[in-house]
Amino acid sequence: MKNHPQPGIVPEFAVLGHPNEGKSSVVSTLTEDDTIRVSRLPGETTRSTAYTVKMDGKDIIRFVDTPGFQVPKQTLAWFRKFEGNPERIADAFIETFKDDPFYRDDCELLKPVTKGAGIIYVVDGARPVRDDDLAEMEILRLTGRPRMAVINSKTDEKDYTQDWKNEFRRHFNAVRVFNSNTANFMERIKMLESLKAIDQEWEQSLFEVITAFQKDREKRNLLACAAICRAIEQSLSFAVSEPVAKDGDPDTLKEMLNGKYQARIKEFETRMFQKLRSLFKHHLFEYHLPEYSVLNHDLFSKQTWELLGLTKEQLMTAGAIVGGTVGVMIDAAAAGHTFGIFTAIGGALGAGSALFGGRKTAKNKPGGIRLGGDTLRLGPARNIQFLYILVDRALIYYSHIINRPHGKRDMTERKEKKDTPKNGFSTEFTFSRKMICSKFFKTVTGRSLIPDKKAVAEFEEFIKALLEDLSGK
Ligand SMILES: Nc1nc2c(ncn2[C@@H]2O[C@H](COP(=O)(O)OP(=O)(O)O)[C@@H](O)[C@H]2O)c(=O)[nH]1
Ligand SMILES: [Mg+2]
């Protein structure tokens, strides 16, 4: 058996246990690799496979996924009778049984252990301890390698955590409850912290691993922040315009512009969401939002705006909802100077607001306006509520992404869960935070008299702080 890893050598841990306990899920969550096969059927993993976490092109840590023990009692019986050098017990076992199909999986899973890997033993805490488990624990103890037990409960219907802990005490250097289907970044860090404790020799290299994980998280948060701020800025400042033909129908044109405007803004958001997904390495599986998520509603739908905290009054006074859609801002400018259509349509609506939708105007056709030579323009955004909606949606998406472990493969979520504080995050912003948003809004929509250079930087700092809060720093 090899000695402990030298400084500069990548720490390696073999994830062992009974079939179907969640070993592959644990490896997947720890390595943020959603390509690892997780299966309902026991015995799907037949080879030991190492998964390396890389950061900036450098190997940081390795976890080896292994098949489950097949015949622990027989394997233990052999281990007990072994009389050679105890440090070489696993090597001797593999040497003896490498060609025996009966011991195939047990040989395969012990291979990484003979190469110097530490042991992470995974059990499902929702079931009671059985004889086979005791045999497995004893085999692992006899290997003499540093080892930690992990309780990964697959359901919370029954909880045998305490029984497992009692058994583990005699066999392991550390015990940790770690759920591969719910663990977030902080829990992964805590897991690495516990691994430090199983052998002093690993303290330094695991300290470096933890630092690398944290730096990587900061970097991802910075990139996430940039993507979010960019998308919000694009959305708020976005405008579409179209010249009005002499005999053109302003309502048709307005609807067309409205469609274009909304489609583009949704695109900015979708692209930003994709960026967040790839930053947090959720690429391979289509990312489904849980059923309860407010993000399942269209960005421009009444539900979204209501759920994210606009009061009925705000919606009403803005005159914003028409036909279930939140209307956007229509502005009209004739080549070079603003006049006419907007004022006329706005006046006809009686809302006195820049926010309105289609149906109402259809009923109130502006009479007697000469449309020739005018340009109908939609955007930039006029209502600061739109900024809050965009911020809320970005933060909600970000929280889903960072909290979804890679080992979790089913889409079920607990029904009662909500993905936001009541009415979104923005309704809880303090006055000074709202001021930052307001300055940013005025600046990017070209509405501030003196453009404030600091406004964008301050807004970015503010978003960065929000992301850090959410990622549990
Ligand atoms: N609900 C839930 N299911 C889990 C958890 N861990 C594993 N599973 C499921 O249990 C099954 C076996 O998991 P897998 O990781 O392939 O087990 P392995 O055979 O030990 O590698 C799969 O269907 C997983 O989705 C968990 O923490 N919660
Ligand atoms: Mg497996």
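The coordinates are above.
Conventions we followed
Here the residue numbering is sequential within each chain, running from 1 through the sequence in written order. Chain labels run from A onward and ligand labels from 1 onward, assigned in the order the entries are written. A pLDDT threshold of at least 70 governs which residues receive local features in this predicted model, and a stricter bar of 80 or more applies before side-chain atom pairs are shown or counted, although totals over entire chains, interfaces and linings include all residues. Values reported for side chains reflect all heavy atoms of the structure, with hydrogen atoms and water molecules removed beforehand. Helix and strand definitions here come from DSSP, where helices need a minimum of 4 consecutive H or I residues and strands a minimum of 2 consecutive E residues; each element is numbered from the N-terminal end. Partly exposed describes any residue whose relative accessible area lies between the buried limit of under 20% and the exposed limit of over 50%, with all areas from a 1.4 Å probe on protein chains only and scaled to the type maximum. We call two residues contacting when some pair of their heavy atoms lies within 4.5 Å. Here, Shrake-Rupley sampling with a 1.4 Å probe gives the accessible areas, and only protein chains in the shown set may cover a residue. Here, a strand pair is defined by DSSP locating no fewer than two bridges between the strands. The axes are straight lines fitted to the C-alpha atoms, using for helices just the contacting stretch, and the angles between their N-to-C directions are given from 0 to 180°. Both cavities and pockets are sets of points on a 1 Å grid over the protein atoms alone; in a cavity a 1.4 Å probe fits but cannot get out, in a pocket the set is open with protein on both sides within 12 Å along at least five of seven lines, and lining residues sit with an atom within 4 Å of a point. Grid points are joined across faces, edges and corners, and a volume is the space filled by probe spheres set on the points. Three classes are used: nonpolar for Ala, Val, Leu, Ile, Met, Phe, Trp, Tyr, Cys and Pro, charged for Asp, Glu, Lys and Arg, and polar for all others, with Gly counted as polar. Either an automatic procedure or a domain database provided the assignment from which the domain bounds are taken. Each crossing is labelled by how the near helix is turned from the far one, with a counterclockwise turn of less than a right angle marking it left-handed and a clockwise turn marking it right-handed. Here a residue counts as near a molecule or strand whenever at least one of its heavy atoms sits within 4 Å of it. Definition of a polar contact: a pair of N or O atoms within 3.5 Å, with one able to donate and the other able to accept a hydrogen when the atoms are protein atoms, and with sequence-neighbouring residues admitted only if both atoms are side-chain atoms. Distances up to 2.8 Å from the metal define which N, O and S atoms are donors, and 3.2 Å serves for Na, K and Ca; water is absent from the atom set, so sites may look incomplete. One side-chain nitrogen of Lys or Arg within 4 Å of one carboxyl oxygen of Asp or Glu is enough to make a salt bridge. Multiplying 1.5 Å by the residue count of a helix minus one yields the expected span of that helix. Should an angle lie under 35 degrees it is considered roughly parallel, over 145 roughly antiparallel, and from 65 to 115 roughly perpendicular; all remaining angles are considered oblique.

Focus: the overall build of the chain
A tally of helices and strands in the chain yields 16 helices and 11 strands. Looking at the 473 residues of the chain, the share that counts as buried comes to 52%. Long-range pairs, those at least 24 residues apart, make up 77% of the contacts in the chain between residues at least 6 apart in sequence. Within the structure as shown, the chain displays about 22800 Å² of accessible surface, and the carbon and sulfur contribution to it stands at 50%.

Quick notes on the sheet that holds strand β5 (residues 147-151)
One open sheet holds the six strands; their spatial order is β2-β3-β1-β4-β5-β6, and the pairing between them is mixed. Each edge of the open sheet carries a strand with a single partner, namely β2 (49-55) and β6 (174-177). Each neighbouring strand pair of the sheet contributes to a mean axis angle of 25°, computed without reference to strand direction. By the bridge criterion, five bridges tie strand β1 (residues 12-17) to strand β4 (residues 118-123) in an arrangement that is parallel. Looking across to β4, one finds that L16 is bridged to Y121. Sheet contacts for helix α6 (residues 161-171): β4, β5 and β6; angle to β5, the most-contacted strand, approximately 175°.

A few points about empty space enclosed by the protein
To locate leftover empty space, one rolls a probe as large as a water molecule over the atoms. Applying the stated rule across the entire model yields three cavities of 30 Å³ or more. Volume-wise, the largest cavity comes out at about 70 Å³. Along the wall of the largest cavity there are 14 residues; nearest its centre are E32, R188, I402, R404 and H406. Elements supplying a minimum of two residues to the lining of the largest cavity: α7 (185-198) and α14 (384-403). Taken together, the residues that form the lining of the largest cavity break down as six nonpolar, four polar and four charged. Taken together, domain 1 (12-198) and domain 2 (218-470) each give at least three residues to the lining of the largest cavity, which thus spans both. Reported here for the second largest cavity is a volume of approximately 40 Å³. A231, I232, S235, E269, M272 and L390 together form the lining of the second largest cavity. Secondary-structure elements contributing two or more residues to the lining of the second largest cavity are α8 (203-237) and α9 (250-279). Looking at which element gives the most residues to the lining of the second largest cavity, the answer is α8, with three residues.

Some remarks on the layout of surface pockets
Of the voids in this model, the second largest pocket is the one considered here, and its volume is about 420 Å³. Lining the second largest pocket are 17 residues, and of these K58, I60, E208, V209 and A212 sit closest to its centre. Looking at the lining of the second largest pocket, the elements that each hand over two or more residues are β3 (58-65) and α8. A breakdown of the residues in the lining of the second largest pocket according to their chemical character gives seven nonpolar, three polar and seven charged.

Regarding the packing of helix α3 (residues 89-97) against helix α4 (residues 104-114)
The angle between the axes and the distance between the axes are what describe a pair of packed helices. The geometry of α3 relative to α4 is characterised by a closest axis approach of 9 Å and an angle of 145° between their N-to-C directions. Regarding α3 and α4, the two cross each other, and that crossing is left-handed. Here A90, D91, F93, I94 and F97 of α3 come into contact with α4, specifically with D106, C107, L110, K111 and T114. Residue composition of the contact of α3 with α4, by class: six nonpolar, one polar and three charged.

Observations regarding the site of ligand 1
Taken together, 17 residues lie around ligand 1, and N20, K23, S24, S25 and K154 are the ones closest in. Interatomic distance of 3.1 Å between a side-chain N/O atom of N152 and an oxygen atom of ligand 1. Partitioning the shell around ligand 1 into residue classes produces two nonpolar, 11 polar and four charged.

Focus: the coordination of the magnesium ion (ligand 2)
Taken together, the protein ligands of the magnesium ion (ligand 2) are S24 (OG) and T45 (OG1), with distances of 2.1 to 2.2 Å. Of the two residues, S24 sits in helix α1 (residues 23-31) while T45 sits in the loop between α1 and β2, which places them 21 residues apart along the sequence. Side by side, S24 and T45 carry an identical accessibility label, which is buried.

Looking at the pattern of salt bridges
Applying the stated rule across the entire model yields 23 salt bridges. Close ionic contact of E32 with R220 constitutes a salt bridge, the shortest N to O distance being 2.6 Å. Linking E32 in the loop between α1 and β2 with R220 in helix α8, this pair joins segments that are 188 residues apart in sequence. Comparing E32 with R220, the two get one shared label, buried. The partner of R47 in a salt bridge is E108, and the shortest N-O contact between them spans 3.3 Å. Here R47, found in the loop between α1 and β2, pairs with E108, found in helix α4; they are 61 residues apart in sequence, far enough to count as distant. Here the residues in one salt-bridge network are E12, K54, D59 and R62, joined through shared partners.

Comments concerning α9
The end-to-end C-alpha distance of α9, which contains 30 residues, comes to 43 Å, matching closely the 44 Å that a straight helix rising 1.5 Å per residue would cover. After α9 finishes, the residue K281 shows a positive phi value of roughly 60°.

Quick look at the packing of α9 against α14
Interhelical geometry of α9 versus α14 gives an angle of 30° and a closest axis separation of 10 Å. Taken together, α9 and α14 sit at an angle that is classed as roughly parallel. Seen from above, α9 lies across α14 with right-handed handedness. Here α9 contributes Y261, I265, E269, M272, F273, L276 and R277 to the contact with α14, which in turn contributes F386, R393, A394, Y397, Y398 and I401. Looking at the contact of α9 with α14, its residues break down into 10 nonpolar, no polar and three charged.

From the geometry alone we can't say anything about function, so treat these as descriptive.
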